[in-house]
Amino acid sequence: MRIDVVTIFPEYLEPLNVSLVGKARAAGRLDVRVHDLRGWAHDRHNTVDDTPYGGGPGMVMMTGPWGLALDETLADGYEAGASGPALVVPTPSGRPFTQALAGELAARDWLIFAPARYEGIDSRVTAEYATRLPVYEVSIGDYVLAGGEAAVLVVTEAVARLLPGVLGNAQSHADDSFAPGAMADLLEGPVYTKPPQWRGRGIPDVLLSGHHGRIARWRRDEALRRTVAHRPDLVERADPAAFDKKDREM
Ligand SMILES: N#Cc1c(-c2ccc3ccn(Cc4cccnc4)c3c2)n[nH]c1N
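I will try to describe carefully the structure that is included in this document. These numbers come from a predicted model, not from an experiment. (Residues numbered from 1 in each chain as written. Predicted model: local features only at pLDDT ≥ 70, side-chain atom pairs only at ≥ 80, totals over all residues. Heavy atoms only, no water.)

Focus on the overall build of the chain
Here is the rule: Labels follow the DSSP assignment, with helices taken as runs of H or I lasting at least four residues and strands as runs of E lasting at least two, numbered in each case from the N terminus. For every residue, the accessible area obtained with a 1.4 Å probe (protein chains only) is divided by the maximum for its type, and the residue is called buried under 20%, exposed over 50%, and partly exposed between those limits. Contact between two residues is taken to exist if any of their heavy atoms lie within 4.5 Å; hydrogens are not considered. Each accessible area is a Shrake-Rupley result for a 1.4 Å probe, and residues are judged covered by the shown protein chains and nothing else.
When helices and strands are tallied, the chain shows nine helices and seven strands. Buried positions account for 40% of the 250 residues belonging to the chain. Within the chain, contacts between residues at least 6 apart in sequence are counted, and of these 76% link residues at least 24 apart. Accessible surface computed for the chain: about 14,100 Å², of which carbon and sulfur atoms make up 54%.

Encoded structure:
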């Protein structure tokens, strides 16, 4: 997969050089290119924003630099695979970014991220590029950030860990919270490792039993308990029959 990021804060994307994404880049599984939007702002001050039509607070990012940047990025001759590029625009007014959407994006071979600042990008930019490629306007949560770069880090990591060969243990995907299958709509339960005793706290006996069926059921029950406590909305939408099916899978 190739990922391009066009931003006025290239340094914000430094974390894409470390850990899971950094290792995937070093292994050649991920090709990440970060571009400074101001390189396409050709006035004396490299201006990328202006006042909003209709008035109101803040500034809006202008069409000009974004159009030049995205045209050049799309035209650089990269031989995209069958799925071609998609434009991903983080915005507080976007569709919720979910594990399912991470899986959808991970199936593409080229993502171009357009993280904005100020009050966002002139809406004609997404309208223009929606005529040329899929545009995903996504939100990483119901809170307000100052820009889209943090969302790029979140989406990139969630997508990268789903790419073949990136996450060491393929089984980890199946155990993910929100992953399709047995754990869909369930939060992950508690995890433990050595030492067996710590400040007078031990390990649940079932985890030391070696009985895999009981361990799987205990983990499912703990996941359900945590989901009821932290995300009752997920429990309400779950299909009770699915829980029975999960029991049979344990
Ligand atoms: N994804 C995502 C987001 C953002 C987000 C993303 C991009 C931009 C660009 C500009 N802003 C600031 C801004 C713009 C308009 C109104 N309010 C604030 C952003 C916020 N906030 N919260 C999220 N979950």
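This is not the end of the story, as more comes after the structure.
Here we look at the sheet that holds strand β7 (residues 135-139)
Definition in use: Pairing between strands requires that DSSP locate at least two bridges from one strand to the other. Fitted lines through C-alpha atoms give the axes, limited to the stretch in contact for helices. The angle between two N-to-C directions lies from 0 to 180 degrees.
On the basis of which strands lie adjacent, the open sheet formed by five strands has the order β2-β1-β6-β5-β7 and parallel pairing. Both outer strands of the open sheet, β2 (31-36) and β7, are each paired with one neighbouring strand and no more. Across the sheet, the axes of successive neighbouring strands diverge by a mean angle of 25 degrees, strand direction being ignored. Of the pairings in the sheet, the one linking strand β1 (residues 2-7) to β2 comprises six bridges and is parallel in character. The residue of β2 that forms the bridge with Val6 is His35. The sheet contacts of helix α5 (residues 149-160) involve β1, β5 (85-96), β6 (110-113) and β7, and relative to β6 the element is tilted by about 165 degrees.

Looking at the site of the ligand
Which entries qualify depends on this criterion: Here a residue is considered near a molecule or strand provided that any single heavy atom belonging to it is located within 4 Å of it. For this analysis, a polar contact is any N or O atom pair within 3.5 Å, provided that within protein one partner can donate a hydrogen and the other can accept it, and provided that sequence-adjacent residues contribute only side-chain to side-chain pairs. Each residue is assigned to one of three groups, with Ala, Val, Leu, Ile, Met, Phe, Trp, Tyr, Cys and Pro labelled nonpolar, Asp, Glu, Lys and Arg labelled charged, and all others, Gly among them, labelled polar.
Lining the immediate surroundings of the ligand are 18 residues, of which Pro90, Ser139, Gly141, Tyr143 and Leu145 lie closest. Within the backbone of Val138, a nitrogen or oxygen atom sits 3.4 Å from a nitrogen atom of the ligand. Interatomic distance of 2.9 Å between a backbone N/O atom of Gly141 and a nitrogen atom of the ligand. In the complex, the protein chains occlude 87% of the 510 Å² of accessible area that the ligand would expose alone. Going through the elements one at a time, β5 and β7 are the ones with two or more residues in the shell around the ligand. Residue contributions to the shell around the ligand peak at three residues, all from β5. Of the residues that constitute the shell around the ligand, the class distribution is 11 nonpolar, five polar and two charged.

Points about the environment of Ala151
Within the secondary structure layout, Ala151 lies in helix α5. Looking at Ala151, the relative accessible area reads 4%, which means it is buried. In the structure, Ala151 is positioned 83 residues away from Leu68 in sequence and 23 Å away in space, judged by C-alpha atoms. Residue contacts for Ala151: discarding those within four places in its chain leaves Pro90 and Ile140.

Concerning the nonpolar core
Across soluble globular proteins, nonpolar side chains show a tendency to be buried alongside one another. Going by this rule: Grouping buried Ala, Val, Leu, Ile, Met, Phe, Trp, Tyr and Cys residues that are joined through side-chain atoms within 4.5 Å yields what is termed a nonpolar core.
Counting 30 residues, the largest nonpolar core has Ile3, Leu30, Phe97, Leu105, Leu111 and Phe113 as the members making the most contacts within it. Put simply, the parts of the chain that give this core at least two residues each are β1, α1 (19-26), β5, α3 (99-106), β6, β7 and α5. Ranked by residue count, the leading element in this core is α5, at six residues. For Phe113, the residues in contact, after removing those within four places along its chain, are Ile3, Asp4, Val5, Val6, Val88, Val152, Val155 and Thr156. Formed by 20 residues, the second largest nonpolar core is a distinct cluster that contains Trp40, Ala41, Trp110 and Ile112.

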